[in-house]
Amino acid sequence: MIETLIGIISAAMLLTGGAFAVIGGIGVVRFPDVYTRLHAGGVTDTIAPLLIVGGLVLLSGWHLLSFKLLLILLFLLFTTPTASHATARAAMAAGIKPVTKDGHRRSGAPSSNT
Amino acid sequence: MASVLLATILAIFTTMALALWRAIRGPSVFDTIVGVNVFGTKTVLLIALIAYFSGNNDLVDVALVYALINFLAVIAVLKLVRQRDLAASREPADD
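About the cut-offs
- Each residue is numbered by its place in its chain's sequence as written, counting from 1.
- The order in which chains are written sets their letters, starting at A; the order in which ligands are written sets their numbers, starting at 1.
- Residue-level local features of this predicted model are given only where pLDDT is at least 70; pairs of side-chain atoms are given and counted only at 80 or more, and the full residue set underlies all totals for whole chains, interfaces and linings.
- Secondary structure elements are taken from DSSP: a helix is a run of H or I of four residues or more, a strand is a run of E of two residues or more, and numbering for both begins at the N terminus.
- Here a residue counts as buried when 20 or more other C-beta atoms fall within 10 Å of its C-beta, as exposed when 12 or fewer do, and as partly exposed in between; the C-beta atoms come from the backbone.
- We call two residues in contact if the C-beta atoms placed from their backbones are at most 7 Å apart.
- Radius of gyration means the value over C-alpha atoms here, while the globule rule gives 2.2 Å times the residue count to the 0.38 power.
- The classification used treats Ala, Val, Leu, Ile, Met, Phe, Trp, Tyr, Cys and Pro as nonpolar, Asp, Glu, Lys and Arg as charged, and all other residues, Gly among them, as polar.
- For every element, the axis is a line fit to its C-alpha atoms; helices are fit only across the contacting stretch, and the angle between N-to-C directions ranges from 0 to 180 degrees.
- Reported orientations rely on four angle classes, namely roughly parallel under 35 degrees, roughly antiparallel over 145, roughly perpendicular from 65 to 115, and oblique for the rest.

Asker: What is the right way to read the overall build of chain A from this model?
Answerer: A tally of helices and strands in chain A yields three helices and zero strands. The secondary structure elements of chain A, listed N-terminal to C-terminal, are α-α-α. Considering chain A as a whole, with its 114 residues, one finds that 35% of them fall into the buried category. Summarising the internal contacts of chain A: among those between residues at least 6 apart in sequence, 60% fall at separations of at least 24.

Asker: Just checking my understanding: could you explain the overall build of chain B for this structure?
Answerer: Along its length, chain B carries three helices and zero strands. In chain B, the order of α-helices and β-strands from amino to carboxyl end is α-α-α. The C-alpha atoms of chain B give 17 Å as radius of gyration, which overshoots the globular expectation for 95 residues (12 Å, by more than 25%). The buried share among the 95 residues of chain B stands at 38%. The contacts of chain B with a sequence gap of at least 6 include a subset with a gap of at least 24, amounting to 40%.

Asker: Can you walk me through the interface of chain B and chain A in this structure?
Answerer: How big an interface is tends to be reported as the loss of accessible area on association of its parts. Each partner contributes residues to the interface: chain B has 40 residues there, and chain A has 41 residues. Elements with a contribution of two residues or more to the side of chain B that touches chain A: α1 (2-25), α2 (29-54) and α3 (59-83) of chain B. With 13 residues, the top contributor of residues to the side of chain B that touches chain A is α2(B). Split into classes, the residues belonging to the side of chain B that touches chain A amount to 27 nonpolar, eight polar and five charged.

Asker: Any chance you could explain the packing of helix α2 (residues 34-60) of chain A against α2(B) here in plain terms?
Answerer: Relative orientation and spacing of two packed helices are given, respectively, by the angle between their axes and the distance between those axes. Remark: α2(A) packs on α2(B), axes separated minimally by 10 Å, with the N-to-C direction vectors making an angle of 10 degrees. What the angle tells us is that α2(A) and α2(B) run roughly parallel. Judged by residue contacts, Val34(A), Arg37(A), Leu38(A), Gly41(A), Asp45(A), Ala48(A), Pro49(A), Ile52(A), Val53(A), Leu56(A) and Leu59(A) of α2(A) engage Phe30(B), Asp31(B), Val34(B), Asn37(B), Val38(B), Thr41(B), Leu45(B), Ala48(B) and Tyr52(B) from α2(B). Considered class by class, the residues forming the contact of α2(A) with α2(B) number 14 nonpolar, three polar and three charged.

Without other data, these values stay purely geometric and don't point to any function.
Here it is in structure tokens:
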């Protein structure tokens, strides 16, 4: 009974994580700008490991494997937003302007807090 | 459960193909870095999923090491692009 429930929850988490990953991949290909691509890639890079590794942890139960997977999840949750932030900051420092709503690149003084 | 794992592995493969497309096509070097970053994270997930799919539990250690290497690689490439020198300790002069 309880194993069936855990199996169903784990399968739902794995499939949802896979769906989020594919959505993020489509966003990385189709968005027009470095920053929008970074938004698609960075956000789904945080939620997809959370769901997929969480589903695998539920699948394995109390085991050494669960501890290693939680360690992977911890590292990914710390490092992926850091890498995304570093990429956006480097792109801003290199002078790449974000595209605005009407499709033009914004002109003028660059933002000062980069 | 094996079919669920297989479906998730195929979804991860699709995402890796899309990220590789962006990394190859990227107009600027930062698009390439975004694609490589997404590709590396999905590689970690793929290795963990394959460890469960094939029953070979040692592969989880490989995924753990790859997660660390991926982050260090992205930061090192960003520093190399920005400062053109991995040993530099300050911002380069604007030219």
